[in-house]
Every structure is written in structure tokens, then in C-alpha cells.
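Single-letter residue listing:
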Amino acid sequence: MTTNPHVESFLALSAKVHDAGLMQRRYGFYWTRILFWTLCTLAILIAVALLGASWWQLVLATFLGVVMSQLGFLSHEAAHQEIFRSRSWNEWTARVLGGLLTGLSYGWWVDKHSRHHAHPNRERSDPDVTSKVVALTPENADRRSGLWARLTRYQGYYFVPLLLFEGFSLHLAATKKVLTSRQIRHRWVELLFLGIRLIGYPVFLFLFLPVGLALSFIVVQVIVFGFLLGGAFATNHIGMPSVPHDVKLDFLRRQVRMSRNIRGGRLVHFLMGGLQYQVEHHLFPKTPRPNLPVLQELVREHCARHDIRYTETTLRECYATIIAYLNQVGLRNRNLYTCPLVLQYRG
């Protein structure tokens, strides 16, 4: 029986990562951030009540949107079992941060996101490439006709503006899933959390602000939240090779070739919430965020040694690629984005 050399090399890399202590928990890092961003949420809500009917409230709404995005990143990390040794502690942390504080369901998220990690950019398997708004793969574009197909040709240009609506889309998708699916564990708790966050929060604003100002506050906060969270996740895989459903790849190349890292200064890394190390995150999803820079050095060196393409760009370069890629998908020009490994590993 022939063993895939990339499987063996990944096992060797994994052993090196564990020996380096990169899977060790970083409680100080996470407790500090969980408490800080939770207290920021409370402080902003208190400031809203004290400030009253002033359009300066929209500045607070902007700050709250930033805070919500940071809590969203922490919820994502808890869902990946990065924070605590206990699975239960991680799951409940993700439920509280996601449902009660940001208005996103853990049960909805973990199911969708787990399938994405197992099959990144694989048609019919990765739920993140089945968007109904933009065509992210050739197969998706082929199903469109008429006006919808013509609009798809220019989808790259309106992709960034669409991110302004991502927060509303996330709230709607999470709520719909919890309301309709009885398979979600602790479903009634999640419904309670979402009810408090998505109903109690607007009620709070309407108690202290005029209706128009309260609605404006909600719109600004959700736009900022969705734009930052959606914008960070969008950089991870859009514009990277997409894989037809009948192609089989080993784990190492499947994760590295379909993922993109983002380099930049402190502001970029703050806004990315750890997702700038997407390659490493996909290879070792339980690695705590502060361990990712050292892990990157090991992974980058490993890929260079085994001639595996490792992608890292700036945020500007990334979005230029995303826009061009989406327009090419809309034009059904396959030459630009078909994975070169497809022919070798089809079947």
C-alpha cells in the first residue's frame, strides 16, 4: 500500500507543532479579551443611556459595532475549542459570546463552519461557496440565467458594498436556523439568548432614544459589525482555487492551497481578529491565537521544503484579487481560477 508523502509530512509537521508547545492554552490572553470587550459593551450601553437624544450616539454605535466584531472573533475561537481544555466550557463560551452578546447562534455556526473546514472551497460540500447573492464558484455561476446572470458579470464591483448588509444577513440566518431546526443542542437556551440580544437590545434603545435615532443606531452598529466580521472572513478563501466535488486531495494541500494569509501592521491584525493566519488556522484549528505567529514560521518553512504553494498578501492585494476573481467567475472564464491540481487528482 502506497502512503501519500504529503500525509506523512503533515504528521511530521503536527508532531513538531505539538513538541513546540503551540497547542498549549493561553488563558491570560483570552480571559483579558473576553472581560475587556464585555465591559466595553456594558460601558457603551451605559453611555447611550446617559447621553440621550444626541446624534453623537452614532459614534457610540460605531464603537459598539467594532466591539461586536471582536466578540464575534472570540466566539469563533471558542467554537474551535481554542480557549479552554473543556469542550463544554468552550461551547458555552461560544453560545454566550455568540448568542447573548453578538446575536449569532453557536448551533448554526458550528455546523456550517465545521463543514467549511472539512471541505474548503469544494463545490457542493463547502457551505461558504453556495451564496445566493454572489456566485463564488463556476458551478454556481452556471446555474444563473437572464438578468441575474448579467448582473453576476459585475459582481466583484458590488461585493464590497454588499458587506454593509452582512450583519443583517448573519442575524437573519442564525435566527431562522434556530427557529426551524430541532437538531440544535440546547435550542431553547439559544432561542432565549437570541431573543434577549435581538429583541431586548432594540427595546433598550427605544427606551432611551427617539425612534428615528434608535433605528439609526441599530443600522450603524449592524453595518459596522457585519462589514468588519464579514470583511475579515471574506479574505480567507475567495479568489483561491475552487475544487470540483469529484476531486480528492490530501489534507495538507487541501487546506494550504485553498487558504490565504493576510500580512499587515497592528491595525490590520486587530481588525482581522487572528484570521490573518488562515492557513495555520485551517491546518491546526485548535491553536490559540497568540501562538499563530510562531506556528506560521513552521508551516511556511514546511511548505517551502515540500514545494507547496503558500499564499500571503496584503489586505489591498487580497481585495483586488477578490474583485477580479468574482468578475471572472461571473464571465465564466475558468482559466483564471481553476485549481492546477484538479486534473491530477480528479476522481
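Going by the structure above, here's the rest.
Structure report, in brief. (Residues numbered from 1 in each chain as written. Predicted model: local features only at pLDDT ≥ 70, side-chain atom pairs only at ≥ 80, totals over all residues. Heavy atoms only, no water.)

Here the focus is the packing of aromatic side chains. Evaluation of the coordinates by the stated rule reveals 11 aromatic pairs. Taken together, the ring pairs connect Tyr27, Trp31, Phe84 and Trp89 into an aromatic cluster. Taking the ring centre of Trp92 as reference, the NZ or CZ of Arg95 above it sits at 4.5 Å. Over the ring of Trp188 we find Arg187, and its NZ or CZ is 5.4 Å from the ring centre. (Phe/Tyr/Trp six-rings, centres within 6.5 Å; stacked < 30°, edge-to-face > 60°. Lys NZ or Arg CZ within 6 Å of the ring centre and 35° of its normal.)

The subject of this paragraph is empty space enclosed by the protein. Rolling a probe over the atoms, with the probe sized like a water molecule, indicates the empty space that remains. Here the structure, examined in full by the defined rule, presents two cavities of 30 Å³ or more. Quantified by volume, the largest cavity comes out at close to 130 Å³. What lines the largest cavity is a set of 13 residues, and nearest its centre among them are Gly72, Ser75, His76, Leu104 and Trp109. When contributions to the lining of the largest cavity are tallied by element, the ones reaching two or more residues are α3 (57-79), α4 (87-102), α5 (106-118) and α11 (211-234). Top element by residues in the lining of the largest cavity is α3. It accounts for four residues. Looking at the lining of the largest cavity, its residues break down into seven nonpolar, six polar and no charged. In this model, the second largest cavity occupies a volume close to 60 Å³. Around the second largest cavity sit His76, Glu77, Glu82, Gly273, Gly274, Leu275, His281, Arg289 and Leu292, which together line it. Split into classes, the residues belonging to the lining of the second largest cavity amount to two nonpolar, four polar and three charged. (1 Å grid on protein atoms, 1.4 Å probe; cavity = no way out; pocket = protein on both sides within 12 Å on 5 of 7 lines; lining within 4 Å. Points joined across faces, edges and corners; volume = space filled by probe spheres on them. Helix = DSSP H or I, 4+ residues; strand = E, 2+ residues; numbered from the N terminus. Nonpolar A, V, L, I, M, F, W, Y, C, P; charged D, E, K, R; others polar.)

This next bit is on the pattern of salt bridges. All chains considered together, the criterion is met by 10 salt bridges. Note that Asp128 and Lys112 form a salt bridge whose closest N and O atoms lie 2.7 Å from each other. You can see Asp128 sitting in the loop between α5 and α6 (138-142) and its partner Lys112 sitting in helix α5, a full 16 residues away along the chain. Residue class for Asp128 comes out partly exposed when judged on its relative accessible area of 29%. (Salt bridge = Lys/Arg side-chain N within 4 Å of Asp/Glu carboxyl O. Buried < 20%, exposed > 50% of the residue type's maximum accessible area, 1.4 Å probe, protein only.)

Following both chains from N to C, one finds helix α2 (residues 27-51) and α3 inclined at 155 degrees, their axes separated by 10 Å at the closest point. Between α2 and α3, the angle is such that the two are roughly antiparallel. As for the relative orientation of α2 and α3, their crossing is left-handed in sense. Along the contact surface, α2 presents Tyr30, Arg33, Ile34, Trp37, Thr38, Cys40, Thr41, Ile44, Leu45, Ala47, Val48 and Leu51, while α3 presents Gln57, Leu60, Phe63, Leu64, Val67, Met68, Gln70, Leu71, Leu74 and Glu77. (Axes fitted to C-alpha atoms, helices over the stretch in contact; angles between N-to-C directions. Parallel < 35°, antiparallel > 145°, perpendicular 65-115°, else oblique. Left-handed = near helix turned anticlockwise from the far one by under 90°. Contact = heavy atoms within 4.5 Å.)

Another point: the nonpolar core. With 58 residues, the main nonpolar core has Leu71, Phe159, Leu205, Phe217 and Ile238 as its most contacted residues. Secondary structure elements with two or more residues in this core: α2, α3, α4, α5, α9 (166-180), α10 (187-208), α11 and α16 (315-330). What Phe159 contacts, discounting residues up to four positions off in sequence, is Val134, Ala234, Ile238, Tyr319, Ile322 and Leu326. Judged by nonpolar contacts, the second largest core, of 17 residues, contains Met23, Leu252, Leu292 and Leu295. (Core = buried A, V, L, I, M, F, W, Y, C linked by side-chain atoms within 4.5 Å.)

Glancing now at the environment of Ile322. As for its placement among the helices and strands, Ile322 is situated in helix α16. The spatial distance from the C-alpha of Ile322 to the C-alpha of Gly156 is 7.0 Å, given a sequence separation of 166 residues. Other than its neighbours up to four places away in sequence, Ile322 contacts Phe159, Ala234, Thr235, Ile238 and Arg260.

By themselves, these are just geometric observations and shouldn't be taken as functional.
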